[in-house]
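A look at the structure
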Amino acid sequence: MTADAPLGLTAELTHRCPLHCPYCSNPLELLTRDAELNTEQWKDILTQARELGVLQVHFSGGEPLGRPDLPELIEHTANLGAYVNLVTSGLGLTEERLTDLVDRGLSHVQLSVQAADAERANKIAGTRAHHHKLAAAELIKQTGLPLSVNVVLHRANHDQLAGIIALAEQMGADRLELANTQYYGWALRNRDQLMPTREQLAAAEPVVRAAIDRLKGQMQVIYVIADYYEEYPKPCMYGWGARQLTIAPDGTVLPCPAAGAIETLNLDNAALTPLHQIWYGSESFNAYRGEDWMSDTCRSCDRRGLDFGGCRCQAFLLTGDGAATDPVCKKSPDRALVDLILGTPKKQAEFLMRGPRR
Ligand code: SF4
Ligand code: FES
């Protein structure tokens, strides 16, 4: 299977984060500071990524502002000619720091928001973060940078959907991504507490549709479905090893941000192996590329060009087989697993907050 060049790279600079969100999709075992790549290693990898064809670099984490060398890495990436995006909680973003990052070539900021009001948002974040986010949005708008607001939706904030949209408008967001929780990493531990109800999802639909129409040309509204409730899976990553790669804080190269969950996958490290070799030739990137790996169910299905057989991480986490048809699919022999999860009464237990603080 031949592959095209990658378009985007997510550089997870650190797993350290000031927030404790229960829906965190980072792995259960977070890497500590001493496992992180150093500045020169990152610069070398970013250069290799650009040579490979990467056009967009998303600096992410954890909280990328926790890395003192973030300005240097942004400058290096911008000088390579890539579009630079910062994915942040906004905590630690001061006027001085932001101005410096913009001077060095930052092009776009994605700011996470947990809910429509401070009380709910701080409860979900596990810390007093909401007022920092309002201040960060104001700073970002002052610099003239495009702002995306990212909100992870779940049972504890779905009822605030209209308020969240209003808040993103107030913040002056150019784009609002409303993404229902995906159950990987830490989020899987909280699945019972996070899973929205069918009623919440039904109520959300007209609210989102009206906002998309009303805000056309002003704020782009993207809604990512809660796929357990769907009949067909999402086209995860637009296909495995097709467009994107992620590099974890220690240099592990992942075909998707959650791919570390697939225990049968042999992952390579960009500090040890050239990125070109990993993208085109590695076992992990070729494992689910194209269609050869698919089960007969997917290989004989007309939708395989639309959803690529669904999500590999979800398939592994629910069935133990990364090559299985995504169990969300109604044609999957494992769909009963998803129906069982949906049909099991949910306890009103407290969230297990992400931690410990590092
Ligand atoms: Fe997608 Fe496979 Fe289901 Fe067809 S059978 S809809 S390709 S997951
Ligand atoms: Fe990894 Fe879908 S989250 S392939």
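From a predicted model like this one, the values you see are computed outputs, not experimental measurements.

Scoring rules and cut-offs
- Per chain, the residues get numbers from 1 upward, laid out in the order the sequence is written.
- Think of it this way: whatever chain is written first is A, whatever ligand is written first is 1, and the rest follow in order.
- Thresholds applied to this predicted model are a pLDDT of at least 70 for local features of residues and 80 or more for the giving and counting of side-chain atom pairs; totals over whole chains, interfaces and linings are not thresholded and use all residues.
- Each side-chain value is worked out from all heavy atoms of the structure, with water and hydrogens disregarded.
- By definition, any uninterrupted DSSP run of H or I lasting at least four residues is a helix, any uninterrupted run of E lasting at least two residues is a strand, and each is numbered from the N terminus.
- Each residue is placed in one exposure class: buried if its accessible area under a 1.4 Å probe, protein chains only, is under 20% of its type's maximum, exposed if it is over 50%, and partly exposed if it falls in between.
- Of the grid points, spaced at 1 Å and generated over the protein atoms alone, those admitting a 1.4 Å probe that cannot get out make up cavities, while open sets with protein on both sides within 12 Å along at least five of seven lines make up pockets; any residue with an atom within 4 Å of a point is treated as lining.
- Grid points are joined across faces, edges and corners, and a volume is the space filled by probe spheres set on the points.
- Amino acids are sorted into nonpolar (Ala, Val, Leu, Ile, Met, Phe, Trp, Tyr, Cys and Pro), charged (Asp, Glu, Lys and Arg) and polar (every other residue, Gly among them).
- When at least one non-hydrogen atom of a residue lies within 4 Å of a molecule or strand, that residue is treated as near it.
- UniProt positions are given in the numbering used here, feature names are shortened, and annotations may be inferred rather than shown by experiment.
- Residues are treated as being in contact if the distance between any of their heavy atoms lies within 4.5 Å.
- When a carboxyl oxygen of Asp or Glu is within 4 Å of a side-chain nitrogen of Lys or Arg, the pair counts as a salt bridge.

For the bond running from Gly61 to Gly62, omega is 15 degrees, close enough to zero to count as cis. Mapped onto the secondary structure, Gly62 falls in the loop between β2 (56–60) and α2 (70–79). One non-glycine residue, Tyr238, adopts positive backbone phi at about 55 degrees. As for its placement among the helices and strands, Tyr238 is situated in the loop between β7 (220–224) and β8 (244–247). Positive phi, normally seen in glycine, also occurs at Phe308, with a value near 55 degrees. Residue position: Phe308 is located in the loop between α13 (304–307) and α14 (312–319). You can call Phe308 partly exposed: its relative accessible area is 27%.

In this model, the second largest pocket occupies a volume close to 370 Å³. Looking at the second largest pocket, it is lined by 23 residues, and the ones nearest its centre are Pro27, Leu28, Ala258, Gly260 and Ala261. For the lining of the second largest pocket, the element with the most residues is helix α7 (residues 185–189), which contributes three residues. A per-class count over the lining of the second largest pocket returns 13 nonpolar, six polar and four charged.

Let us now look at the site of ligand 1. Around ligand 1 lies a shell formed by Tyr232, Pro233, Thr297, Cys298, Cys301, Arg303, Arg304, Asp307, Gly309, Thr325, Cys329 and Lys331. When residues of the shell around ligand 1 are traced back to their parent elements, those giving at least two are α12 (296–299) and α13. A per-class count over the shell around ligand 1 returns five nonpolar, three polar and four charged.

What follows is about the UniProt feature "binding site: [4Fe-4S] cluster" (unreviewed entry) in the chain. Sequence positions flagged by UniProt for "binding site: [4Fe-4S] cluster" (unreviewed entry) are, in local numbering, Cys17, Cys21 and Cys24. Relative to the assigned elements, Cys17 resides in the loop between β1 (8–12) and α1 (39–52). Overall, Cys17 belongs to the partly exposed group, its relative accessible area being 28%. Leaving out residues up to four positions away in the same chain, Cys17 has contacts with Gly62 and Glu63. Looking at where Cys24 falls in the secondary structure, it is placed in the loop between β1 and α1. Apart from the residues lying within four places of it in its own chain, the contact partners of Cys24 are Tyr184, Gly185, Trp186, Ala187 and Arg354.

Moving on, we get to the pattern of salt bridges. Using the criterion set out here, one finds 19 salt bridges in the structure. Among the salt bridges present, the one from Asp69 reaches Arg67, with a minimum N-O distance of 2.7 Å. Judged on exposure class, the residue Asp69 and its partner Arg67 are both buried. In this structure, Arg303 and Asp307 form a salt bridge, with 4.0 Å as the shortest nitrogen-oxygen distance.

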